[in-house]
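# Descriptive analysis of the structure
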Number of protein chains: 2
Amino acid sequence: MAEHNPLTAHTLKISCSNCSLRELCLPIGLNREEMSQLDAVIRQSRRLKRGEYLFRAGEAFKSMFAIRTGFFKTCISSHDGREQVTGFQMSGELLGLDGVSSSLHGCDAIALEDAEVCELPFSRMTSLGRDIPTLQHHFFRLMSREIVRDQSVMLLLGNMKAEERLAAFLLNLSQRFSARGFAANDFILRMSREEIGSFLGLKLETVSRTLSKFQAQGWIIVEHKHIQLIQPENLKTLVGGCQQSMPIATT
Amino acid sequence: MAEHNPLTAHTLKISCSNCSLRELCLPIGLNREEMSQLDAVIRQSRRLKRGEYLFRAGEAFKSMFAIRTGFFKTCISSHDGREQVTGFQMSGELLGLDGVSSSLHGCDAIALEDAEVCELPFSRMTSLGRDIPTLQHHFFRLMSREIVRDQSVMLLLGNMKAEERLAAFLLNLSQRFSARGFAANDFILRMSREEIGSFLGLKLETVSRTLSKFQAQGWIIVEHKHIQLIQPENLKTLVGGCQQSMPIATT
DNA sequence: CGCTTGGTTGACTAATCTCAATATGGGTGG
DNA sequence: CCACCCATATTGAGATTAGTCAACCAAGCG
């Protein structure tokens, strides 16, 4: 599956030693001096317990957050209480990019399990970006990647049927877990059926039914939140046709 | 309707004299010297005829484009030919922000009427951004605003019914026309029913039927592409509950 | 160990899609 | 300038999908 999968969140490649993700620095080619400047800007990590808010829609935006460990959801809510989950984020991904536009956070970010994040103060990052062009460019790319991701979700929500959405969702998680060195075909869902449904534009019953259907077909095994992909190729066939056809650079 | 309406595209506030949108420069407070630097970077405008592609998904990304006149759609297509319109852009708005992430354009941009755009070479804009912090910051805001817009569309596609989507769509157009000094309640649609449907995640027949229903209720008058909002307040009530509840800064 | 929350399943309903027939208008070429 | 044609839009009827409501079950937690 391509890296810019419909559901992939922006991958963080700027983290540094403070975040114990030092290796991810190399791709953007910072030298030792620049690395230490970056280290100086990144604040010590913050711990959250399951269910805790990292930030809420409407709060002042000062920082982005890089996830070291844990699993998050972001969501926006409408006046009458409907909630739309806009994404699920895991370690190595970045939260809060939407806050830049208005200096207010545009969504809630909630930990779905105990988590640890690094805070990246935005103004210090941008001024550092002026000294380190590769860093600045990298930031633009991260934001742009989020736009691309969102548009793929629009494709999903606008064009795909329930089964296709679920299949795309499972394959996306699979791909992201495997990119982090976890098993691609055997993982634990961190979110409820309702949250999956909200993200995919489906009701929780439909999510549940569709998972059962996949299981009945022998494609997956569902044990509560424990999912095993037995025939991921069938899921891929299902999604195949409705994926984005754009040539993708794997940068 | 709030400025960060579900469907509002990023508004361009960086244009300058080359684009004959000089007044829009002031909000970000560039001085005379900075303005002329910006002018030097912006390329002469390019004209497109209706139906022409400004860029295509997969093409090398070198520039963003500011729309001077005309009306565009952006869309992504899936392997099996389904097309998702991801947005409609009008004068003063910016196209191409999604190309930064992979150095390839992520969508097609097609003129829905004869149009004129300014080209903003990306690398020159970013290096200028390093000299002019306000400009750099403004770019981050524009990209972030696009993320916020996309997420509102996700809310729309994930949670709203056909009537709510159409109402939100009409009100959004109304608000954007009026922001440009055109009539808020009397305008011409530049796009087909099918394109509206693709954007809203509906079939063209549903779009047509829903418009007819609004007309039967006396809320609007539909004459082909000519739309008049007679009772916009009823449309607002319809959308009211499902709008984003986030406190919005009007910056 | 019972309670609460989350998940599954079934029967029914409502919304939207699909297919099809029919209009309508704009554009083009004679 | 007009007539024709094609693309676009409207409307209807029936099929299909997903949503709703409700019952039941299982798990985790105090």
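Here is what the cut-offs are and how they apply
- Residues numbered from 1 in each chain as written.
- Chains lettered and ligands numbered in written order.
- Predicted model: local features only at pLDDT ≥ 70, side-chain atom pairs only at ≥ 80, totals over all residues.
- Heavy atoms only, no water.
- Least-squares fit on C-alpha atoms with pLDDT ≥ 70 in both.
- Near = heavy atom within 4 Å.
- Polar contact = N/O pair within 3.5 Å; in protein donor to acceptor, adjacent residues only side chain to side chain.
- Helix = DSSP H or I, 4+ residues; strand = E, 2+ residues; numbered from the N terminus.
- Nonpolar A, V, L, I, M, F, W, Y, C, P; charged D, E, K, R; others polar.
- UniProt positions renumbered as here; feature names shortened; annotations may be inferred.
- Core = buried A, V, L, I, M, F, W, Y, C linked by side-chain atoms within 4.5 Å.
- Buried < 20%, exposed > 50% of the residue type's maximum accessible area, 1.4 Å probe, protein only.
- Contact = heavy atoms within 4.5 Å.
- Phe/Tyr/Trp six-rings, centres within 6.5 Å; stacked < 30°, edge-to-face > 60°.
- Arc of directions from axis to C-beta.

Within an unreviewed UniProt entry, the label attached to chain A reads Fumarate/nitrate reduction transcriptional regulator Fnr, and the organism entered is Microvirgula aerodenitrificans.

Moving on to the relation of the copies chain A and chain B. If you rotate chain A by 180 degrees and push it 0.0 Å along the axis, it lands on chain B with an RMSD of 0.0 Å. Expressed as a symmetry operation, the mapping of one chain copy onto the other fits a two-fold axis.

The next point concerns the protein's contact with DNA strand D. Lining the immediate surroundings of DNA strand D are 17 residues, of which Ala162 and Thr206 of chain A together with Ser208, Arg209 and Ser212 of chain B lie closest. In DNA strand D, atoms within 4 Å of the protein come from the sugar-phosphate backbone in 60% of cases. Glutamate 205 of chain A is positioned with one of its side-chain polar atoms (N or O) 3.2 Å from a base nitrogen of DNA strand D. Elements represented by at least two residues in the surface near DNA strand D include exactly helix H6 (204-216) of chain A together with helix H6 (204-216) of chain B. For the surface near DNA strand D, the leading source of residues is H6 of chain B, giving five residues. Tallied by class, residues from the surface near DNA strand D come to three nonpolar, six polar and eight charged.

What follows is about the UniProt feature "domain: HTH crp-type" (unreviewed entry) in chain A. In the UniProt entry, the feature "domain: HTH crp-type" (unreviewed entry) is given for residues 160-233 of chain A. In residues 160-233 of chain A, the share of helix is 55% and the share of strand is 15%. The end C-alpha atoms are 18 Å apart.

Turning to the protein's contact with DNA strand C, a few remarks are in order. Among the 17 residues in the neighbourhood of DNA strand C, the closest are listed as Arg193, Ser208 and Ser212 of chain A together with Ala162 and Thr206 of chain B. Sugar plus phosphate, as a fraction of atoms of DNA strand C within 4 Å of the protein: 63%. In the environment of DNA strand C, a phosphate oxygen lies 2.8 Å from a nitrogen or oxygen atom belonging to the side chain of arginine 193 of chain A. Between glutamate 205 of chain B and DNA strand C, the recorded distance is 3.1 Å, taken from a side-chain N or O atom to a base nitrogen. Of the residues assigned to the surface near DNA strand C, the class counts are three nonpolar, six polar and eight charged.

If you look at the biggest cluster of nonpolar residues, it comprises 76 residues, and the most contacted ones within it are Phe169 and Leu170 of chain A together with Phe169 and Leu170 of chain B. For leucine 170 of chain A, the contacting residues outside a window of four places in its chain are Phe187, Leu211, Phe214, Ile220, Ile227, Leu229 and Leu235 of chain A. Membership of the second largest hydrophobic core comes to 46 residues, among which are Leu94 and Cys118 of chain A together with Leu97 and Leu135 of chain B.

Moving on: the packing of aromatic side chains. Counting across every chain of the model gives 21 aromatic pairs over all chains. Considering the side-chain rings of phenylalanine 140 of chain A and phenylalanine 122 of chain B, the 5.7 Å spacing of their centres and the 80 degrees angle between planes classify their relative orientation as edge-to-face. Taken as a pair, phenylalanine 140 of chain A in helix H3 (residues 133-159) and phenylalanine 122 of chain B in helix H2 (residues 122-131) lie in two separate chains rather than in one. Each of the two residues, phenylalanine 140 of chain A as well as phenylalanine 122 of chain B, counts as buried.

This next bit is on helix H7 (residues 232-240) of chain A. All names here are of chain A. What H7 keeps buried is the set Pro232, Leu235 and Val239. Down the axis of H7, the smallest arc covering the buried residues is 55 degrees, so these residues share one side. Elements in contact with the buried residues of H7: helix H4 (162-179), H6, strand S10 (220-223) and strand S11 (226-229).

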